[in-house]
Amino acid sequence: MKAIKNTLREFLKYPSAIIGIGVILLLLGVSAYALATIPYKEAVRLWRGGEDVWYQNPKYAAPAWFNYFSKVKKPVSFKVNTLDGGIEKTVTVVNEHMDSVDMTYSFDYAYDAPPQEITLYFNTAFDQKLPFASIKWITPDGREIKISNMAVDRKVALRFSKDEKLQKSLKTERVMDALFYAPDSDSRKVVKGTYQLVITGTTFEDDSDINAEMVLHGDLYGLAGTDKYRRDLMLPMLYGTPIALAFGLVAALGTTLLTMIIAAIGTWYGGWVDELIQRITEINLVLPFLAILIMVGTFYSRSIWLMLGLTILLSIFGGGIKTYRAIFLQSKEASYIEAARAYGASSGRIIFTYLIPRMIPLLIPSLVSSVPSFVFLEASLAVLGLGDPLLPTWGKVINDASSDGALYRGLYYWVLEPAVLLMFTGLGFAMFGFALDRIFNPRLRDI
Amino acid sequence: MSTESMTAPAKDSASKKSSANSSFSRIAKYTAVRLVTMAITIAIGIYLTILIANMGGYVDTIMRNDIRESTTMAILANPQYRLLGTEEKHELIQKKIATEEKRLGLDQPFAVRSVRYLANGLTLRLGRSLHITSDHGSKEVRLILLERLPATLLMTGVSELMLFFGSILIALPLSRKYGSWFDKLTITLSPTSAAPAWFYGIFLILIFAAILKILPFGGLVDSPPPTNRLDYGLNVLKHLILPVVSVIISSIFISIYAWRTFFLIFSTEDYVEVAKAKGLPSRDVERRYILRPTLPNIITNFALLVIGLWTGFIILETVFVWPGLGITIYRAIGIYDTPVIVGSTIIYAYLLALTVFLLDFIYALVDPRVKVGAGSAQ
């Protein structure tokens, strides 16, 4: 008890340890949140779903909070729907077959540029006769612009910029400019204020209905922005955390523990066992670790769990064995081991209850310090295109970004978000491990 | 901090035997023993690589493709068969392939074949690539890889040497001034080495290429390359800056820290105190009493560092579009060019083994025990 207290007091002397612990706790919190809110299957669906899942998002959109740091306010994307009440919808009965469906949506637009695109998605139900919709656009200065009058099939998307009729009636191909800029000025200034989209629909059957969804594609989106497939980057940022932590921690734990056990067995039995372990270590040194991972990833499977297993397998006979061996050789001669031998303890008992537990203080710092290298290893594999095909991970985002030339094109957020998170994780564990090393290794304490 | 030594038992046993010989033959013998053990190690390493690669029969595929291509080419090019019809030609090709496969023993069990694959791997007969060609248009995997080797060696060599000498030169005076603000700064910064070099490379590209636009994004030279030899060299140097700097950033603080601590432990030894008490200038104390006895361990540490860096260059080259071995592997992964992937794994195994051997050799040169064992005076 007292020892723990002392260690804790020692621990508080190192600011890096406190920062490290803080970072690790934060990451654990984020992981718990991600796993609780997004189930595994949902994460895979959102990440690999295809256009059906992502159509509502703009491409290459930077995070929305960019506006706080910029003088020019760029439009932020949003989407509204009649189904969840985002768009007001009132149905009035005209006669026994005809219904009038009025949908209006007003929104404040205070950005300095028009959006990339506005799209209306209609979803209608009918048996024979198509419902009809007329769409109007009302600007803050009171102008009323007719967007379209159309018969609406079951699933219809109306893209304002691509609509040829609208282009003709506005006499320009730049529909968004016409809808948002002040009409007479040459200064190209966006009229700021409340815009209104009015859809007047008419249905001609009893069970017929119209639902609409309006999607505005701005230059910015959400907390993390989107990539070239319109995917929300928040998902990999959130869900990448538990994956990175799991990979890092399991690999570090597996490697350090197994290395130690092998070293202990080798030193305890000595002779040919020890010799064999030494030789294997030397061979392992010559095996190109990353190249083998790449080979297996290309030929067999890119599953993150296979990679994890292989990483552990290839790392257990690493340089650590020699460090541990040197220490075990010393503690093998200690008198408490002799005592254990005298009362007839078995070799297994001596190794696992006498030799190894003594090493735990040494084990913990190296364990914690080796987490970052494994976290980065996962990212490295992903950067090489060998990331898990299903899971959203940080490395995968960097890979997507760099293969799409994000840095050349000035899409810095795309690379920086996962990179900063990786750095954050790496630094957290490294700082914590560093402080632990100094606490548990008295030799280092004074220097 | 890894201060473990790669003590080779072979060396120990060898050093006991011949105490009368000159230090030269001592080292020669040591080298020979190391060379043999290393050769065995490489053989086992490559054999394991082949085993892993052939779990799905991929080496067989390489061989079969090789046979098919060469037989087909031979028959199509042979004027003797020109008059044959397509059907007959096809039949002939199939027959020849079957004979050739039998000749090369593809019908034998894997255990027998794997030994031959090993021999092929050891002698660098790596087969033909599926898609990738060398700059001269050859599809020999060996030629493709050897052509890329100089670029990789340039980058690794420059960055590793700078890292090695830079960190020792900084660590040595630092160990005397421990507790100073610079010392504390190094300690504080050493956790940054958790990130690999490619990671810093991305940031450096972002800052110096994308935003400041003063250094190139990547590549070996501008295109078109300068015709003048001097300009060419300078141009390559300019492209070398960012990758080298990222390697240095990613490792310098941790190695300074490790060596500083190491020197500190050694500088409390009695003989150092004696040297100081004698009033020797601190430069001499550093060089003769601290650096000299720690040199073997320094080299060991460096060996481990270099080994760690070798494979890390695969990604660094990819990030910097550096036309070396690493980016070739990366491209091969992208188009599933199996022979190139297997071949480069073998080349990497060789490079690692050579590094280990070379550093072991230097180790033997500087290890005072080897010389003391030889009985020669200082």
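Residues numbered from 1 in each chain as written. Chains lettered and ligands numbered in written order. Predicted model: local features only at pLDDT ≥ 70, side-chain atom pairs only at ≥ 80, totals over all residues. Heavy atoms only, no water.

Visitor: Teacher, can you tell me more about the overall build of chain A here?
Guide: What chain A contains, in helices and strands, is 16 helices and 9 strands. Overall, chain A is about 100 × 45 × 45 Å in size when its C-alpha atoms are taken along their principal axes. For chain A, with 447 residues in total, the buried portion stands at 53%. The contacts of chain A with a sequence gap of at least 6 include a subset with a gap of at least 24, amounting to 75%. Across chain A, the centroid of the 44 positively charged side chains sits 10 Å from that of the 42 negatively charged ones. (Helix = DSSP H or I, 4+ residues; strand = E, 2+ residues; numbered from the N terminus. Buried < 20%, exposed > 50% of the residue type's maximum accessible area, 1.4 Å probe, protein only. Contact = heavy atoms within 4.5 Å. Lys, Arg positive; Asp, Glu negative; His and termini not counted. Charge placed at Lys NZ, Arg CZ, Asp CG, Glu CD.)

Visitor: Can you walk me through the interface of chain B and chain A in this structure?
Guide: When the parts of a complex come together, some accessible area is lost, and that lost area is often taken as the interface size. Taken together, the contact between chain B and chain A spans 61 residues of the former and 48 residues of the latter. Remark: the boundary between chain B and chain A carries 0 salt bridges. The interface formed by chain B and chain A includes 1 residue pair in polar contact (both at pLDDT 80 or more). Elements with a minimum of two residues in the side of chain B that touches chain A: helix H2 (23-53), helix H8 (197-211), helix H9 (229-266), helix H11 (282-319), helix H12 (325-334) and helix H13 (338-366) of chain B. For the side of chain B that touches chain A, the residue count by class is 45 nonpolar, 13 polar and 3 charged. (Salt bridge = Lys/Arg side-chain N within 4 Å of Asp/Glu carboxyl O. Polar contact = N/O pair within 3.5 Å; in protein donor to acceptor, adjacent residues only side chain to side chain. Nonpolar A, V, L, I, M, F, W, Y, C, P; charged D, E, K, R; others polar.)

Visitor: Is there a simple way to explain the nonpolar core in this structure?
Guide: Residues Leu290, Ile294 and Phe328 of chain A together with Trp198 of chain B are the most contacted members of the largest nonpolar core, which totals 183 residues. Top element by residues in this core is helix H13 (residues 347-383) of chain A. It accounts for 17 residues. Excluding anything up to four places from it in sequence, tryptophan 198 of chain B contacts Phe376, Ala379, Ser380, Val383 and Ile398 of chain A together with Ile315, Leu316 and Val319 of chain B. (Core = buried A, V, L, I, M, F, W, Y, C linked by side-chain atoms within 4.5 Å.)

Visitor: Quick question: what am I supposed to make of the pattern of salt bridges here?
Guide: Side-chain pairs of opposite charge can arise where the charged atoms are in close proximity. Residues and elements named next belong to chain A. Applying the stated criterion across every chain, the model contains 15 salt bridges over all chains. Between aspartate 112 and lysine 192 there is a salt bridge whose closest N-O contact spans 2.8 Å. Of this pair, aspartate 112 sits in the loop between strand S3 (99-109) and strand S4 (117-125) while lysine 192 sits in the loop between helix H6 (175-180) and strand S8 (193-203), placing them 80 residues apart in sequence. On the accessibility criterion, lysine 192 (44% relative accessible area) is partly exposed. Between aspartate 177 and arginine 174 there is a salt bridge; the shortest N-O distance is 2.6 Å. By sharing partners, the salt bridges in this structure join Asp227, Arg231 and Asp400 into a single network.

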